[in-house]
Amino acid sequence: MSDVNHDKIEQAVYSILEAVGEDPDRDGLRDTPKRVARMYEEVFQGLSQDPSEHLHTVFGEEHEELVLVRDIPFYSMCEHHLVPFYGKAHVGYIPKEGQVTGLSKLARTVETVAKRPQLQERITSTVADSILQTLTPHGVIVVVEAEHMCMTMRGIQKPGTETVTSAVRGSFEQDEASRAEVLTLINRS
Ligand SMILES: Nc1nc2c(ncn2[C@@H]2O[C@H](COP(=O)(O)OP(=O)(O)OP(=O)(O)O)[C@@H](O)[C@H]2O)c(=O)[nH]1
Ligand SMILES: [Zn+2]
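Just so it is clear, the structure is predicted and the values come from calculations on it, not from any experiment.

Criteria and cut-off values
Residues numbered from 1 in each chain as written. Chains lettered and ligands numbered in written order. Predicted model: local features only at pLDDT ≥ 70, side-chain atom pairs only at ≥ 80, totals over all residues. Heavy atoms only, no water. Axes fitted to C-alpha atoms, helices over the stretch in contact; angles between N-to-C directions. Helix = DSSP H or I, 4+ residues; strand = E, 2+ residues; numbered from the N terminus. Parallel < 35°, antiparallel > 145°, perpendicular 65-115°, else oblique. Left-handed = near helix turned anticlockwise from the far one by under 90°. Contact = heavy atoms within 4.5 Å. Phe/Tyr/Trp six-rings, centres within 6.5 Å; stacked < 30°, edge-to-face > 60°. Buried < 20%, exposed > 50% of the residue type's maximum accessible area, 1.4 Å probe, protein only. UniProt positions renumbered as here; feature names shortened; annotations may be inferred. Near = heavy atom within 4 Å. Polar contact = N/O pair within 3.5 Å; in protein donor to acceptor, adjacent residues only side chain to side chain. Areas by Shrake-Rupley, 256 points an atom, 1.4 Å probe, with all protein chains shown as cover. Pairing = 2+ DSSP bridges.

Asks: Sorry if this is basic, but what is going on with the packing of helix H3 (residues 103–114) against helix H4 (residues 120–135) here?
Replies: In a pair of packed helices, the angle between the axes and the distance between the axes together describe the arrangement. Contact pair H3 / H4: the axes reach a minimum separation of 10 Å and the direction vectors enclose 135°. By the angle between their axes, H3 is oblique relative to H4. The hand of the H3/H4 crossing is right-handed. Across the interface between the two elements, Leu 106, Thr 109, Val 110, Val 113 and Ala 114 from H3 touch Arg 122, Ile 123, Thr 126, Val 127, Ser 130 and Ile 131 from H4.

Written out as structure tokens, the structure reads:
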């Protein structure tokens, strides 16, 4: 259930259009406040979800070695400028005691966390910590690569720059070899 208040968004968008010198009542803009309200409900739907809720599906499979889902595409909204940033997340973990979750659940966790006003660093650490707390694996590693529209279409205007963030938990923190293995697998084209 979403807590997004459509009326408030519509009023705010109407005011913004007025404030930039547009006529919010002209034909092309008349429905824009409603459209933006629907869009915000969609792109911020993660605010009403718990990222860990997806991870309770476990299979009891005794696999205590690496599971890596790489190249999970995501779209998020920069909390500073409310413009998109987007890219790929790579999620790896080493399950413990049969706590193996569904592969799609890792992508769902990324989706829930991304669909909020966000910082790339917080997406990365929230996904890692949700997996750590829910599945209590030996280790978790999350790498996120993204392009930020606030750095391309405005401001410093540097299209093509890519920001890479990582969060490393548990055994990956000490075990350099397994960390290197995951990074090699992530970068393999
Ligand atoms: N660390 C981090 N910074 C981000 C992220 N998204 C946007 N930013 C940065 O947030 C900063 C906000 O800086 P401010 O000086 O408050 O705002 P601004 O004047 O619009 O900044 P400029 O983008 O440099 O024009 C900028 O440096 C952005 O590049 C993110 O996910 N992580
Ligand atoms: Zn920004």
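Asks: Looking at this structure, I do not really get the packing of aromatic side chains. What am I missing?
Replies: Centre-to-centre distance and the angle between the planes together describe a pair of aromatic rings. Under the definition given, this model contains three aromatic pairs. A ring pair is formed by Tyr 40 and Phe 44, whose centres lie 5.3 Å apart and whose planes are at 35°; its orientation type is tilted. Arranged with centres 5.6 Å apart and planes meeting at 25°, the rings of Tyr 75 and Tyr 86 form a pair that is stacked. Of this pair, Tyr 75 sits in strand E1 (residues 67–78) while Tyr 86 sits in strand E2 (residues 84–94); the two residues are 11 residues apart in sequence, bridging distant segments of the chain. On the basis of relative accessibility, which here comes to 60%, the residue Tyr 75 falls in the exposed class.

Asks: Just to check I follow, could you spell out the UniProt feature "binding site: Zn(2+)" (unreviewed entry) in the chain for this structure?
Replies: Within the UniProt annotation, "binding site: Zn(2+)" (unreviewed entry) is assigned to Cys 78, His 81 and Cys 150. Sequence-wise these annotated residues cover 73 residues; spatially they are packed, their C-alpha atoms never more than 7.7 Å apart. Take Cys 78: its relative accessible area is 5%, and that puts it in the buried class. When near neighbours in sequence (up to four residues on either side) are disregarded, Cys 78 contacts Val 83, Phe 85, Gln 118 and Cys 150. Here His 81 lies in the loop between E1 and E2. In this structure His 81 comes out as partly exposed when scored by relative accessible area, which is 36%. With residues near it in sequence (within four places) discarded, His 81 still touches Cys 150 and Arg 154.

Asks: How do you make sense of the site of ligand 1 when you look at a structure like this?
Replies: Near ligand 1, the surroundings consist of Cys 78, His 80, His 81, Leu 119, Gln 120, Glu 121, His 148, Cys 150 and Arg 154. The side chain of His 148 places a nitrogen or oxygen atom 3.4 Å from a nitrogen atom of ligand 1. The side chain of Arg 154 places a nitrogen or oxygen atom 2.9 Å from an oxygen atom of ligand 1. About the coverage of ligand 1: the protein hides 51% of its 630 Å² of free accessible area.

Asks: Help me understand the sheet that holds E2, please; the structure alone is not making it clear to me.
Replies: Sheet strands associate in pairs through backbone hydrogen bonding, adopting either a parallel or an antiparallel arrangement. A sheet is described by the order of its strands in space; here five strands give the open sequence E3-E1-E2-E4-E5, paired in mixed fashion. Edge strands, defined here as strands with exactly one partner in the open sheet, are strand E3 (117–118) and strand E5 (163–170). Sheet analysis places E1 next to E2, joined by nine bridges and oriented antiparallel. In the sheet register, Val 69 faces E2, and the bridge partner there is Val 91. Packed onto the sheet, H4 meets E1, E2, E3, strand E4 (139–148) and E5 and runs at close to 20° relative to E5. Across the sheet, helix H6 (residues 176–187) touches E1, E2, E4 and E5, and the angle it forms with E4 is around 35°.

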